[in-house]
Structure formats: C-alpha cells, structure tokens
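Each chain, written out:
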Amino acid sequence: MIIGEKNYFLGNLAMASILLLYYHIIRGGGISNNETVYIDTQFNPYDFLGVFVDETYQTDIDQQLIREEAIICLVCDLNDMISEYEDAYLEQLTAQRVFSAYTNGLLSALPEANELIELVSRGPSFDNGEYNSILGIIYSKYVVATFHKLASDT
C-alpha cells in the first residue's frame, strides 16, 4: 500500500491504531492476550506490512513505525492463538496467515518477530522461556521505546 494524497486518512488511521494498540499493551504490562480487539475494526495489519508513505507525508506519517506496528499486531494475534488453542494453534487460520507473511518475507521490519515465528512454527513443544523472552524484547524495544521516543521528542 502507498500512502499519499488520496488515502492520507489511512496513514492517520494507522498511526492512531498504533498508539491505541501500544497503549493497551503497555497498560497490560506486555504482550499478553486480546490487545488487538481494540483495533480489529479499523486496522488490517496485512495491508500495512509493506506500506510506503509518499515523501510529502513522511513528516506526519511514520512509515517504519506503521510497518513495525503491523507486525506487532500479528505477533499479538499469534500469541492469542497460542493462548486460546494451545496444542492446536498451528491449525488456526490466523496462525497460518502469520506464518505465510513470515514465509513471504513480510516481517523483515521486525527481526525479533522472525525469531519468534521460527520458534513457534516448530510446534507446541517450543521453549516457553525463550518465547516469553522474545515477547519481552519486542515489548521493550518497540512498544515502550516508541512512547519514550515520542515523549522525548517534545
């Protein structure tokens, strides 16, 4: 997707969705469960994995942030599948769509997500400690750091 003059509002909507998702993740103390329910009706992360923002609008719409948030949204959805379906998470359409995005190289903006998906794609016997560690890194490095950066840029 290309964000430009005709669909500038989509970029604004994506930026608003990022802040809302990150707010709920931070309020919960990390990536836990059901955070994406707050943005499901307004933000489809698959549409924004390879987003390109026209140079004219890059001061208002952060292309890299949107790409990262789209991936974090998928990580949250995958986490929900693992929590809800336990041993059967690999069979769920949501998990399969996330794995497909990974296989197609659409998650490159967030290397830690690639590590996480490689880990859980092995099946339900993956190392939970390593899984939670990667989730923690994503939370700190991207979600919390985004709010710190926004606060320090003022």
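Here we summarise the structure given alongside this text. (Residues numbered from 1 in each chain as written. Predicted model: local features only at pLDDT ≥ 70, side-chain atom pairs only at ≥ 80, totals over all residues. Heavy atoms only, no water.)

**Looking at the overall build of the protein**
- Scanning the protein for helices and strands turns up five helices and two strands.
- Seen in sequence order, the protein has helices and strands lined up from the N terminus as β-α-β-α-α-α-α.
- When the backbone C-alpha atoms are referred to their principal axes, the protein occupies close to 45 × 30 × 25 Å.
- The proportion of buried residues among the 154 residues of the protein is 45%.
- Put simply, 68% of the contacts in the protein that link residues at least 6 apart link residues at least 24 apart. (Helix = DSSP H or I, 4+ residues; strand = E, 2+ residues; numbered from the N terminus. Buried < 20%, exposed > 50% of the residue type's maximum accessible area, 1.4 Å probe, protein only. Contact = heavy atoms within 4.5 Å.)

**Some points on the packing of helix H2 (residues 63–85) against helix H5 (residues 128–152)**
- Running from N to C, H2 and H5 cross one another at 145°; their axes reach a closest spacing of 12 Å. Both H2 and H5 take part in a crossing whose hand is left-handed. Residue-level inspection shows Leu65, Glu68, Ile72, Val75, Asn79 and Ile82 of H2 in contact with H5, the latter providing Tyr131, Leu135, Ile138, Tyr142, Val143 and Thr146.
- Its residues assigned to classes, the contact of H2 with H5 shows nine nonpolar, two polar and one charged. (Axes fitted to C-alpha atoms, helices over the stretch in contact; angles between N-to-C directions. Left-handed = near helix turned anticlockwise from the far one by under 90°. Nonpolar A, V, L, I, M, F, W, Y, C, P; charged D, E, K, R; others polar.)

In short, geometric facts, not functional conclusions.
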